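In case you want the letters, here they are:
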Amino acid sequence: MDTLADHSPRLSLRCPTCGGAVQIENDRTRCNVCRETHPVVDGIPRFTTDAHLASFGRQWNKYEVAHNAEDRATFEAKTGVSLSDLSDLSVLDAGCGGGRYSKVCGEAGANVIGADHSGAVGKARQLCSELPKVAFVQADLKHLPLQPASFDFAFSIGVMHHDANTKAVFDAVAKFVRPGGRYSVWLYRRNQWWQEAINNALRKRSTRMAPEKLERWCEWGAWLGGLPVINKTLNKVVNFSAHPNRENRVCDTFDWYAPQYQYHHTTAELYSWFDAAGFDHIEVLPPEKKGSLYRWVYEHNLLIGSGVNITGIRRPAE
């Protein structure tokens, strides 16, 4: 039988309900204290179901969007961490999706736990199947079945703003960073009021569409994203991906319009969360793309889909 122990003897679980130690018993987990159980499917402990995040399980399992060189560059830009510094660190990928950044960390020699609320963890496990130091759990980021203050580095790229309460997710994940450990978060940036109004109106309709219908509209968005000039002008008004790869454009556009929740934040807001959660050496990370015009548009909050991106170090325990 294919069990969790066959793949990840490192994974030490805690009950998300009572905090007790969790044992793996063939195809189930069991808390030693409250006796609560959860299934283990395809070698992954499943503490939750897709719920309002089902669209992510759909998109990450359907589309092939991992690109090694691009993913490595994006990871370093959006975490402020060099891959050369990850060897043997304990790393939490909070909201791992299809696992491309867990893969990047695992290839760099880190001991990685990827956690996601959706069934995308199945795709993530396949992507990282040759990396024995990478393991996955399906769980709510607000109630992770892991040991608090046990990670050298935790990161979340483009995930927390899809919960009903972004700050609650931020605070919950922050607790898993050890004193002296690093935490990096990337969230959607709040744009100009008229961009927000257009986006809200479009998403009010798109979130009610059947996934199959929405995907057909995203195909049109991917077509527009491949047109020169159009993909650098119109998508500042109506968001669609301009990624060089067509499949990525479809996936990214679906990622924008499908989720039930999508909140946008400011740099000052995210900075205050880091400070209140007990982090020092807080650094605002610059956007990945370069160029004076790009930077001007970015800093004036005109780039739909751009982010606010901060990293910090947890203060030593008092």
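Residues numbered from 1 in each chain as written. Predicted model: local features only at pLDDT ≥ 70, side-chain atom pairs only at ≥ 80, totals over all residues. Heavy atoms only, no water.

**What about the overall build of the protein chain?**
Reasoning step 1: When helices and strands are counted, the protein chain shows eleven helices and twelve strands.
Reasoning step 2: In terms of C-alpha radius of gyration, the protein chain reaches 19 Å, essentially the compact-globule figure of 20 Å for 318 residues.
Reasoning step 3: Seen along its three principal axes, the alpha-carbon backbone of the protein chain occupies a region of about 55 × 45 × 35 Å.
Reasoning step 4: Out of the 318 residues in the protein chain, the part that is buried amounts to 51%.
Reasoning step 5: Residue pairs in contact within the protein chain that sit at least 24 positions apart in sequence constitute 70% of those at least 6 positions apart.
Reasoning step 6: Counting only carbon and sulfur atoms, one obtains 54% of the accessible surface of the protein chain, whose full area is about 14700 Å².
Reasoning step 7: Computed over 37 positive and 35 negative side-chain charges, the inter-centroid distance for the protein chain is 5 Å. (Helix = DSSP H or I, 4+ residues; strand = E, 2+ residues; numbered from the N terminus. Rg over C-alpha atoms; globule rule 2.2 N^0.38 Å. Buried < 20%, exposed > 50% of the residue type's maximum accessible area, 1.4 Å probe, protein only. Contact = heavy atoms within 4.5 Å. Areas by Shrake-Rupley, 256 points an atom, 1.4 Å probe, with all protein chains shown as cover. Lys, Arg positive; Asp, Glu negative; His and termini not counted. Charge placed at Lys NZ, Arg CZ, Asp CG, Glu CD.)

**Some thoughts on the pattern of salt bridges**
Reasoning step 1: One pass over the structure, following the stated rule, counts 13 salt bridges.
Reasoning step 2: Between Arg190 and Glu269 there is a salt bridge, with the nearest N and O atoms lying 3.7 Å from each other. Of the two residues, Arg190 is situated in the loop between strand E10 (177-188) and helix H6 (193-206) and Glu269 in helix H10 (residues 267-276); the sequence distance between them amounts to 79 residues.
Reasoning step 3: The exposure class assigned to Arg190 is partly exposed, which follows from its relative accessible area of 39%. (Salt bridge = Lys/Arg side-chain N within 4 Å of Asp/Glu carboxyl O.)

**Quick word on the sheet that holds strand E11 (residues 279-284)**
Reasoning step 1: Pairing is mixed across the open sheet formed by seven strands, whose spatial order is E8-E7-E6-E9-E10-E12-E11. With partners counted over all chains shown, the strands left at the sheet margins are strand E8 (134-138) and E11, one partner each. Averaged over neighbouring strand pairs, the angle between their axes works out to 15° when direction is ignored.
Reasoning step 2: Both strand E6 (residues 90-94) and strand E9 (residues 151-157) contribute to a ladder of three bridges, which runs parallel. Paired with Leu92 across the strands is Ala154, a residue of E9.
Reasoning step 3: Lying on the sheet, helix H2 (residues 68-79) is in contact with E9, E10 and strand E12 (307-314); it crosses E9 at an angle near 105°. (Pairing = 2+ DSSP bridges. Axes fitted to C-alpha atoms, helices over the stretch in contact; angles between N-to-C directions.)

**A look at the nonpolar core**
Reasoning step 1: Judged by nonpolar contacts, the single largest core of 36 residues is most densely connected at Phe75, Leu86, Val91, Cys105, Phe136, Phe153 and Phe155.
Reasoning step 2: Listed by contribution, the elements that provide at least two residues to this core are helix H3 (100-107), helix H4 (121-127), E8, E9, E10, helix H7 (211-225) and helix H9 (246-257).
Reasoning step 3: Ranked by residues supplied to this core, first place goes to H9 with five residues.
Reasoning step 4: Leave out the neighbours within four places in its chain, and Cys105 touches Phe75, Leu86, Val91, Ala110, Val112 and Phe155.
Reasoning step 5: Leu92, Ala135, Leu270 and Phe279 belong to the second-largest nonpolar core, a separate cluster that totals 35 residues. (Core = buried A, V, L, I, M, F, W, Y, C linked by side-chain atoms within 4.5 Å.)

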